[in-house]
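# Topology and contacts: notes
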Amino acid sequence: MSENPFASHLEQDSNPAAALDAVSTTSASLKYCTISSEKTAEALHTNIREGLPSVSEANQRRALHGANEIASDDDEPLWKKFLSTFVGDPLILLLIGSAAISFIMGNIDDAVSITLAIVIVVTVGFVQEYRSEKSLEALNKLVPAECHLIRSGQESKVLASVLVPGDVVFFRVGDRIPADLRIVESVDLSIDESNLTGENEPVLKSSHAVDKHSYNDLPGSIVPIADRTCIAYMGTLVREGHGKGIVVGTGKNTAFGTVFEMMSSIEKPKTPLQTAMDKLGKDLSFMSFILIGIICLIGIIQGRSWLEMFQISVSLAVAAIPEGLPIIVTVTLALGVLRMANRKAIIRRLPSVETLGSVNVICSDKTGTLTANHMTVAKIWCLGSMANKTNVLNMEKKNGGNLKNYLTEDIKATLRIGNICNNSTFSQEHGKFLGNPTDMALLEVLPKFDLDDQRSRVSRVDEIPFNSKRKLMAVKTVDSNNKVVVYVKGAYEKILEKSTHYVNKDGRVEKLNMAQREQIIESGNSLASDGLRTLAFAELDLPNDRSKKISDDDVHDLVFAGLIGMKDPPRPTVRAAIETLTEGSVHIIMITGDAENTAVNIARQIGIPVVNPEIAVLTGDKLDTMNDDQLANVINHVSVFARATPEHKLNIVRALQKRGDIVAMTGDGVNDAPALKLADIGVSMGKMGTDVAKEASDMVLTDDDFSTILTAIEEGKGIFNNIQNFLTFQLSTSVAALSLVAISTALKLPNPLNAMQILWINILMDGPPAQSLGVEAVDHEVMKKPPRKRTDKILTNEVFKRLLGSAAFIIVGTIYVFMKEMNEDGKISDRDTTMTFTCFVFFDMFNALSCRHSVKSIFEIGFFTNKMFNYAVGLSLLGQMCAIYVPFFQGIFKTESLSLGDLCFLLAISSSVFFADELRKLYIRKGRLQEAYDYSNV
Ligand SMILES: Nc1ncnc2c1ncn2[C@@H]1O[C@H](COP(=O)(O)OP(=O)(O)OP(=O)(O)O)[C@@H](O)[C@H]1O
Ligand SMILES: [Ca+2]
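What you see as residue numbers is a count from 1 along each chain, following the sequence as written. Naming scheme: in the order in which they are written, chains are lettered from A and ligands are numbered from 1. For a predicted model such as this one, the threshold for reporting local features is a pLDDT of at least 70, and the threshold for listing and counting side-chain atom pairs is 80 or more; totals across whole chains, interfaces and linings nevertheless cover every residue. Computation of side-chain values: all heavy atoms of the structure, hydrogens and water removed.

### Thoughts on the pairing of strand 21 (residues 587-591)
Taken across its five residues, strand 21 has four buried, putting it largely inside the fold. The pairing of strand 9 (residues 361-365) with strand 21 spans five bridges and is parallel. Bridge pairing links C363 to I589 in strand 21. Strand pairing follows a simple DSSP-based rule, namely that at least 2 bridges must link the two strands. Numbering of helices and strands starts at the N terminus; helices are DSSP runs of H or I of at least 4 residues and strands are runs of E of at least 2. Pairing of strand 21 with strand 23 (residues 640-642), which is carried by two bridges, proceeds in the parallel orientation. Along strand 23, the bridge assignment pairs M590 with V640. Per-residue accessibility, obtained with a 1.4 Å probe over protein chains only, is compared with the maximum for each type, and a residue is labelled buried under 20%, exposed over 50%, and partly exposed between these values.

### Concerning the confidence of the model for the chain
For every residue, the pLDDT score states the predictor's confidence, bounded by 0 at the bottom and 100 at the top. Chain-level statistics for the chain give a pLDDT mean of 84 and a share of 91% at 70 or above. With pLDDT under 50 throughout, residues 1-24 is counted as low confidence; its partners more than four residues away or in other chains account for 66 contacts. Contacts from residues 932-938, a stretch scored under 50 in pLDDT, to residues over four places away or in other chains number 24 contacts. What the predictor reports for the complex is a pTM of 0.78 with an ipTM of 0.95. Residue contacts are defined here by distance: any two heavy atoms, one from each residue, within 4.5 Å place the two residues in contact.

### Description of the nonpolar core
Counting 129 residues, the largest nonpolar core has I362, L581, M590, M699 and F706 as the members making the most contacts within it. Per-element tally for this core: the top contributor is helix 27 (residues 707-746), with 17 residues. With residues near it in sequence (within four places) discarded, L581 still touches I362, V586, I588, F706, L710, I713 and M783. Core analysis: the second largest hydrophobic core is formed by 61 residues, C382, L443, V445 and I495 among them. In plain words, nonpolar cores are sets of buried Ala, Val, Leu, Ile, Met, Phe, Trp, Tyr and Cys residues tied together by side-chain atoms within 4.5 Å.

### Digging into the domain arrangement of the chain
Domain start and stop points were drawn from an automatic or database domain assignment. When the domains of the chain are assigned, the result is domain 1 (1-269), domain 2 (272-342 + 715-937), domain 3 (350-371 + 571-704) and domain 4 (378-564). The C-alpha centroid of domain 3 is placed 44 Å from the C-alpha centroid of domain 2. Contact residues are listed per partner, giving 17 residues for domain 2 and 18 residues for domain 3. Of the roughly 1400 Å² buried between domain 2 and domain 3, counting both surfaces, carbon and sulfur atoms make up 65%. The quantity reported as buried area is the accessible area (1.4 Å probe) lost by two parts once they are put together, taken as the sum for both.

### Some points on the packing of helix 30 (residues 797-825) against helix 35 (residues 900-910)
Each axis is a line fitted through C-alpha atoms, and for a helix only the stretch in contact is used; angles between axes span 0 to 180 degrees, taken between their N-to-C directions. Taken N-terminus to C-terminus, the directions of helix 30 and helix 35 make an angle of 145°; their axes are 10 Å apart at the nearest point. Crossing hand, helix 30 versus helix 35: right-handed. Contact residues: G813, Y816, V817 and K820 in helix 30; F905, L906 and I909 in helix 35. Take the far helix as your reference; a near helix turned counterclockwise from it by less than a right angle gives a left-handed crossing, and one turned clockwise gives a right-handed crossing.

### Notes on the pattern of salt bridges
The salt bridge definition used is simple: a Lys or Arg side-chain nitrogen within 4 Å of an Asp or Glu carboxyl oxygen. Within the structure shown, the criterion is met by 36 salt bridges. A salt bridge links D628 to R654; the shortest N-O distance between them is 2.9 Å. Here R654 lies in helix 24 (residues 646-658) and D628 lies in helix 23 (residues 628-634), a separation of 26 residues in the sequence. Three or more residues joined by partner-sharing salt bridges are found here, namely R339, R343, E714 and E715.

Next comes the structure, spelled out in structure tokens:
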């Protein structure tokens with residue numbers, strides 16, 4: 001089974017430390033950690049600045065070293081696996097034994113039939129298991145790892161699997177290291193190696209070679225893995241800073257690869273549902289064994305043929321035990337997850353599928369998840385030019401025309417700060433600006449004023465980067481006249497706090513008085529209440545110490561220039577998604593770093609109720625004064641957290657979980673990771689998200705769209721319903737088959753079904769028809785029902801009643817046909833068992849049809865909505881026809897041809913189970929008109 005090295009196996013609590021000893025002696029990282037960057041580049045024939053010279057060179061190396069993938073290849077050939085399933089199952093061994101006994105006793109016919117039946121049973125089981133493995137494998141390939149590569153001087157984003165030794169790559173905060181790297185450049189670099197070494201503290205890394213001599217006393221003078229501070233290991237996560245490195249080891253030739261090889265034999269933990277199914281399977285086996293034992297005993301006491309009783313019992317055991325159950329559950333989960341992936345939600349851990357249906361609170365980021373993350377400058381306001389909040393430069397009204405005439409000195413200053421205090425870059429390849437959408441908007445607005453990008457005219461000395469806690473960004477620059485200026489932009493309250501002066505409309509600097517401060521805040525609030533992300537812009541002339549770095553402490557006594565409000569429209573699908581979720585009693589909470597007014601406006605636009613902002617909105621400042629208990633007490637009424645930082649998310653999840661809520665939380669940054677881990681469903685963003693956030697999450701939204709969470713919950717609930725449905729089908733068949741033989745034995749009747757017939761029935765119930773019930777399309781009505789409680793059982797009383805009801809119909813109908821046939825001639829003939837056998841199979845197919853939905857009529861969901869089901873049932877019926885009409889199979893199953901009249905008679909009888917269930921559904925749906933039924937109880 002090939003595995004994606006970047007999937008989450010290493011998060012199991014296994015400790016890889018032991019495996020590391022072996023690693024330390026072999027890997028390439030040992031060789032290169034003690035020599036300089038230049039020597040490393042030389043040894044690998046590469047260039048630190050330009051990377052490898054050509055693609056053909058890289059291809060040659062790949063031919064030599066292989067792709068940068070860790071494939072724990074499974075060498076066992078298919079036929080061996082197939083054979084091993086024969087010996088793996090004691091029941092099958094017993095059957096083989098009974099075939100052998102038949103053979104020895106001269107009963108060649110029986111021996112051949114049983115052997116054939118065994119082969120069919122085992123093959124069906126094997127094919128299913130193989131499919132389950134294949135679909136699990138496909139899950140591992142859903143999140144391919146990417147990296148930033150430099151080759152022949154060109155930078156590009158590529159799949160990590162193409163890397164070869166000698167390649168040069170960049171990495172920065174939040175990235176996962178794509179291969180073992182010898183670091184050649186680093187800025188404040190710290191890397192989290194916990195998935196490799198188990199050490200939780202991030203490790204400081206740099207490009208300095210390790211001094212080999214300090215390890216002389218260690219055996220073989222080996223530098224331990226954790227001490228190779230100039231090596232960045234594949235799969236580890238960059239916690240801070242950024243850097244550049246030369247690839248020294250790829251694929252299996254990395255520390256991770258070696259550890260992984262040793263750990264790949266560890267089985268993946270099962271999901272709670274799978275565990276529950278395993279247990280259910282065991283319990284059922286136990287009960288069937290006892291029952292079958294009793295049947296067998298009674299039969300022998302009655303003086304029946306010993307061998308016949310033995311064969312029937314063993315076949316019955318094979319049939320009654322739903323040995324296919326765990327596999328079908330796994331396949332259903334896996335196929336469901338693949339379906340979700342097609343709908344843009346990637347589940348990283350299988351158990352999350354079950355949790356999804358229980359989520360009752362969703363905490364979502366605003367920017368990029370609820371909104372489109374496409375910002376445009378909508379309004380500009382400056383104190384000098386506009387004086388009060390009613391006066392703004394509304395870009396939308398002035399659309400199209402040239403705005404050059406509006407350029408007063410303060411507006412000019414505001415735009416200039418936005419231009420220079422900016423990290424967005426123009427990409428020739430894409431023909432547009434790339435980077436932070438806020439920054440992009442500030443560059444895209446310039447041409448409307450006939451301004452151009454001035455960044456090439458000044459040189460940047462230092463930067464205080466924006467982060468969600470600081471809520472501002474500053475850059476220090478020097479121009480050609482040696483003038484040193486600090487340009488600052490950020491949240492308007494923050495900037496105003498640090499400002500003492502302002503630029504008036506003629507460009508003169510004046511002192512700010514109290515009234516003017518209030519005016520600025522009022523205008524900021526006013527822009528925000530239009531739903532605009534509002535930033536303030538300010539600058540500071542510094543004396544000529546041009547080379548000095550700047551820190552947060554240097555940002556004060558600023559000269560305020562103006563405010564800009566940016567529009568970021570809600571995503572079109574979000575409103576409907578929120579409506580559906582709210583209807584299903586899911587509480588939606590918006591968490592944003594933006595201002596309160598902006599948040600409230602957007603919340604109302606997308607249908608998050610904010611009736612009284614006093615209660616429904618909490619700001620980060622207020623949150624800081626509360627402890628977890630206080631927060632838990634009020635959080636039920638809160639639907640917006642404004643001016644919040646990623647750190648606050650942790651408090652929010654904790655408070656919600658304290659109340660017993662099942663929480664889904666979104667996040668994309670490095671600082672969001674702890675909250676994503678803690679949440680029941682951590683949701684990260686495929687496009688904007690960092691690798692760290694993805695790593696910590698249970699689900700990745702590939703389109704970053706909030707409404708995809710709804711899709712995922714819907715699928716999660718649907719999968720659960722499907723599992724309940726095929727459980728009903730399998731168990732009712734199993735109960736019916738067992739009871740049938742038990743009753744006829746107790747009544748001293750001959751056996752209504754022979755061993756081969758029972759085995760064929762087993763294929764129907766454990767095979768394709770059951771599996772096809774697992775892929776029934778999601779019924780959107782599941783969202784109207786409240787979330788499932790986590791403790792709710794899968795085999796609810798309702799499911800139980802339903803399956804017993806269906807089984808009763810099958811038993812009574814089949815016994816009726818059996819008695820009727822037998823009484824006609826008083827003897828048991830091949831015709832009699834053929835009728836009984838076919839009757840049972842028809843019953844079962846009608847039963848399967850009923851099991852497609854628990855409460856909706858088949859006429860409502862449609863006969864042709866589950867193609868796979870129709871194929872499976874069609875195939876089963878075709879098989880049944882072969883069994884009774886093809887001479888070869890007649891020999892095996894001991895059957896005879898039936899007349900058309902016989903078939904019609906059987907169809908009439910067996911359809912009763914279907915019509916009875918339709919009546920039950922009708923009854924339930926009528927009752928539903930007064931009271932919404934609860935899916936989880938059905
Ligand atoms: N690039 C930037 N430079 C300076 N200030 C910024 C920048 N981006 C945002 N801000 C300011 O910081 C505030 C908070 O932004 P932040 O990025 O923390 O919000 P966010 O958490 O991303 O939003 P959301 O939670 O809605 O996704 C914004 O309202 C804005 O005033
Ligand atoms: Ca079975």
